[in-house]
Amino acid sequence: MTKETKLSVNINKIATLRNARGGNVPNVIQAAIDIESFGADGITVHPRPDERHIRYADVYALKKVLTTEFNIEGNPIERFMDLVLEVKPTQVTLVPDPPDALTSNAGWDTVTHAAFLKKVVERLKKAGIRVSIFVNPDERMVEGAARVGADRVELYTEPYARLYPQDREAAIAPYLKAAAAARDLGLGLNAGHDLNLENLAFLKEQIPFLDEVSIGHALISDALYLGLENTVQLYLRRLGRQA
Ligand SMILES: CC(=O)[C@@H](O)[C@H](O)COP(=O)(O)O
Ligand SMILES: NCC(=O)COP(=O)(O)O
């Protein structure tokens, strides 16, 4: 079954550039508005505890202006939970990152942490927020996410991106199994991390029922050469979308 796969642009790295000089250039909020106008289906942010890029204040400001889907990613520490329960975005993606992580480097162990995740999911769904759990491409972790009541899983695609240039068939293999498990369990299916203009089309071709990809680092880097509007539309075309 083929469905339209939505593109959620992660704007963390625009905030990285803004923070580098201490001012408001580039304007993160205006960039998000513009990215929506260029055709993106959503905006993703990952407000980390050290606010190295996206600040908690950005999240409140974005909530006021976004007209597409708003996806907030993070480790559900109490400060994060207070933020998302107040802001009530379209979706929260639960990520197990420790505070000092350079970037996300693993999905949840949804079996070991089942009791904790079940309570977090319940709180978020009670607030009307769609919940996605970030997992490695492992059927057992997908099944665990379903057991704790998640609406979706997001497959962590760094291993796919790393192996893709050498052997794309081997790279996609675990994702095909995990994606089929999600579909069979009635879970929505997201994917993200290190997706780019080279590897995105094959992922979509092999998993046509993907609901959403969230892409940031490569997309914003590409935009430095190709322009932001053109880049958003190039990514949409890799998803088979008419930009
Ligand atoms: C969960 C995920 O893969 C992304 O949100 C990633 O964590 C981006 O975070 P940084 O932009 O801080 O690398
Ligand atoms: N969930 C993945 C995301 O939001 C962006 O990851 P990346 O494209 O910056 O690696």
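Because the structure is a prediction, the values reported are computed rather than measured.

### Considerations on the pattern of salt bridges
Scanning all chains against the criterion turns up 17 salt bridges. Here Asp211 and Lys3 are joined by a salt bridge, their closest N and O atoms 2.8 Å apart. Here the residue Asp211 occupies a position in the loop between helix 9 (200-206) and strand 8 (212-215), and Lys3 occupies one in the segment before strand 1 (6-10), the gap between them amounting to 208 residues. A salt bridge links Glu4 to Arg241; its shortest N-O distance comes to 3.3 Å. You can see Glu4 sitting in the segment before strand 1 and its partner Arg241 sitting in the segment after helix 11 (228-238), a full 237 residues away along the chain. Residue Arg241 is classed as buried on the basis of its relative accessible area of 14%. A single network of salt bridges, built from pairs that share partners, joins Glu4, Lys6, Asp41 and Arg241.

### Side note on the sheet that holds strand 4 (residues 91-94)
Around the barrel, 8 strands lie side by side as 1-2-3-4-5-6-7-8; this closed barrel has parallel pairing. Adjacent strand axes in the sheet meet at a mean angle of 25°, parallel and antiparallel pairs treated alike. Across 4 bridges, the pairing between strand 4 and strand 5 (residues 130-135) is parallel. Opposite Leu94, over in strand 5, you have Ile133 as the bridge partner.

### Observations regarding unusual backbone geometry
With an omega of -5°, the peptide bond running from Val25 to Pro26 counts as cis. With respect to the helices and strands, Pro26 occurs in the loop between helix 1 (12-19) and helix 2 (28-37). Although it is not a glycine, Lys88 sits at a positive phi angle of roughly 50°. Structurally, Lys88 can be placed in the loop between helix 4 (78-87) and strand 4. For Lys88, a relative accessible area of 41% gives the class partly exposed. A positive phi angle, near 110°, is found at His193, a position not held by glycine.

### Some remarks on the UniProt feature "active site" (unreviewed entry) in the chain
The residues that UniProt annotates with the feature "active site" (unreviewed entry) are His46, Glu73 and His193. The annotated residues occupy 148 residues of the chain but converge on a single region, no pair of C-alpha atoms lying more than 12.1 Å apart. Setting aside residues up to four positions removed in sequence, Glu73 forms contacts with Asn10, Thr44, Val45, His46, Pro47, Phe80, Thr93, Val95, Glu154 and Ser214. Topologically, His193 is positioned in the loop between strand 7 (188-192) and helix 9. Owing to a relative accessible area of 18%, His193 belongs among the buried residues under this scheme. Those residues in contact with His193 that sit more than four places away from it in its chain are Thr103, Ser104, Tyr156, Thr157, Glu158 and Ser214.

The rules behind each value
Residues numbered from 1 in each chain as written. Chains lettered and ligands numbered in written order. Predicted model: local features only at pLDDT ≥ 70, side-chain atom pairs only at ≥ 80, totals over all residues. Heavy atoms only, no water. Salt bridge = Lys/Arg side-chain N within 4 Å of Asp/Glu carboxyl O. Helix = DSSP H or I, 4+ residues; strand = E, 2+ residues; numbered from the N terminus. Buried < 20%, exposed > 50% of the residue type's maximum accessible area, 1.4 Å probe, protein only. Pairing = 2+ DSSP bridges. Axes fitted to C-alpha atoms, helices over the stretch in contact; angles between N-to-C directions. UniProt positions renumbered as here; feature names shortened; annotations may be inferred. Contact = heavy atoms within 4.5 Å.

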